[in-house]
Every structure is written in C-alpha cells, then in structure tokens.
Amino acid sequence: MYVVMNELHVPVEGRENVANRFAESSEKMKHVPGCLDFMFLNPEEDDNFQIVLTKWESKEDYEAWVNSDSFKHAHKKRRENLDKSPTSGNKIYEYHARHHL
Ligand code: HEM
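This one's a predicted model, so the numbers in the text were calculated from it and none came from an experiment.

### Details of the pairing of strand S3 (residues 50-56)
In step 1: Where burial is concerned, most of S3 is hidden: six out of the seven residues are buried.
In step 2: As paired elements, strand S1 (residues 2-9) and S3 share seven bridges and run antiparallel to each other. Within the sheet, the bridge partner assigned to glutamate 7 lies in S3 and is isoleucine 51.
In step 3: Relative to S3, strand S2 (residues 35-41) runs antiparallel, the two being bridged by six bridges. Paired with leucine 41 across the two strands is isoleucine 51, which belongs to S3.

### With respect to a negative patch on the surface
In step 1: There is a patch of like negative charges on the surface, built from Glu44, Glu45, Asp46 and Asp47.
In step 2: Assignment of secondary structure puts glutamate 45 in the loop between S2 and S3.

### So, the sheet that holds strand S4 (residues 89-96)
In step 1: Spatial ordering of the open sheet is given by S2-S3-S1-S4, a layout of four strands whose pairing is antiparallel. Across the chains shown, the open sheet's two edge strands, defined by having one partner strand only, are S2 and S4. Within this sheet the neighbouring strands show an average axis-to-axis angle of 10°, counted without direction.

### Considering the coordination of the iron atom of the ligand
In step 1: Of all protein atoms, just one serves as a donor to the iron atom of the ligand, and that atom is His75 (NE2), at 2.1 Å.
In step 2: For histidine 75, the location among the structural elements is in helix H4 (residues 69-81).

### Some thoughts on the packing of aromatic side chains
In step 1: According to the stated counting rule, one finds six aromatic pairs in the structure shown.
In step 2: Measuring from ring centre to ring centre gives 4.6 Å for phenylalanine 22 and phenylalanine 40, while their planes differ by 35°; the resulting arrangement is tilted. In this pair, phenylalanine 22 sits in the loop between helix H1 (15-21) and helix H2 (25-29) while phenylalanine 40 sits in strand S2, placing the two residues 18 residues apart along the sequence.
In step 3: Judged by its relative accessible area of 24%, phenylalanine 22 falls in the partly exposed class.

### Quick word on the pattern of salt bridges
In step 1: For the coordinates displayed, the defined rule picks out two salt bridges.
In step 2: A salt bridge links glutamate 27 to lysine 30, with the nearest nitrogen and oxygen atoms 3.1 Å apart.
In step 3: On the basis of relative accessible area, glutamate 27 is assigned to the partly exposed category, the value being 42%.
In step 4: With relative accessibility at 60%, the residue lysine 30 sits in the exposed group.
In step 5: As a salt-bridge pair, aspartate 37 and lysine 55 come within 3.5 Å of each other at their nearest N and O atoms. Of this pair, aspartate 37 sits in strand S2 while lysine 55 sits in strand S3, and the two are 18 residues apart along the sequence.
In step 6: On the basis of relative accessibility, which here comes to 26%, the residue aspartate 37 falls in the partly exposed class.

What counts as what
Residues numbered from 1 in each chain as written. Predicted model: local features only at pLDDT ≥ 70, side-chain atom pairs only at ≥ 80, totals over all residues. Heavy atoms only, no water. Buried < 20%, exposed > 50% of the residue type's maximum accessible area, 1.4 Å probe, protein only. Helix = DSSP H or I, 4+ residues; strand = E, 2+ residues; numbered from the N terminus. Pairing = 2+ DSSP bridges. Patch = residues over 30% accessible without salt bridge, like charges linked within 9 Å, V, L, I, M, F, W, Y side chains within 5 Å. Areas by Shrake-Rupley, 256 points an atom, 1.4 Å probe, with all protein chains shown as cover. Salt bridge = Lys/Arg side-chain N within 4 Å of Asp/Glu carboxyl O. Lys, Arg positive; Asp, Glu negative; His and termini not counted. Charge placed at Lys NZ, Arg CZ, Asp CG, Glu CD. Axes fitted to C-alpha atoms, helices over the stretch in contact; angles between N-to-C directions. Donors = N, O, S within 2.8 Å, 3.2 Å for Na, K, Ca; no water. Phe/Tyr/Trp six-rings, centres within 6.5 Å; stacked < 30°, edge-to-face > 60°.

Remember, this is a structural readout, not a statement about activity or role.
Structure (structure tokens):
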C-alpha cells in the first residue's frame, strides 16, 4: 500500500473555506482506480495543519491519478479560489505502508 499526504499551510481564518472545498472529494475519490481511502483531516490544535490523506493500492495507481484529468480539474479549481483562501504553501509526504490492518 502507498500512502500520500498533503499538508496544507493555510492561515487559521482560511481553513473553514478550504475544508468546505473538499466537501465533494470523498465521492469523487471513490471512483478513482486504485484509491483505497481519502480523508480531509482538520487539526485538533491550531498550530498543526490540515492534511489530505490518501491511500493507494500501489505507487503506480497514485501516479496515474496525479497525471489524470480529474487531478488537473481539482487543482485548476484551487488556482481559481486562491484569492478567497490562499494556501500559503504545502508539503507532500509519500510513504510505503510496511504494516497495516
Ligand atoms: C502541489 C500542491 C498542492 C496543493 C497546494 C493542493 C491543494 C488543494 C486544494 C486547495 C484542493 C481543493 C480544490 C478546490 O476545490 O479549490 C485540492 C484538491 C485535492 N487535492 Fe490537492 N493540492 C496539491 C497537490 C496534491 C497532491 C500531491 C495530492 C496527493 C495526495 C493532493 C490531493 C488532493 C485531493 C485528493 C483533492 C480532492 C480531489 C477532488 O475533489 O477530486 N493534492 N488540493
């Protein structure tokens, strides 16, 4: 299993807006080949960040999605929304799951 997390660096006041923009994403990610799970995580503490967590059958499935039109479409919307809620940055974490349920 391959796990990819995107940590979104958004000021506290912009986080509700960003969270709402992911409202339809579970439904969309359900239909992506090889995607086993999707979560949008809101932090308990303000000094931590919001995280997009995805789990994949393989690295290849993840890469196919990153190169797909649906990825491009989702992130095109992001650029259009930047003025409303700027993501000041982000950090991507990619992992091979060594042990899991
Ligand atoms: C390059 C930097 C990236 C930034 C700043 C970013 C930020 C965002 C934002 C703000 C959205 C919501 C789009 C909107 O409605 O406005 C979005 C969608 C999404 N992002 Fe990213 N993203 C990036 C790359 C990635 C990567 C590498 C992943 C891999 C885990 C990822 C996973 C997702 C998922 C699963 C969605 C929802 C897709 C959907 O609804 O179809 N993002 N991203």
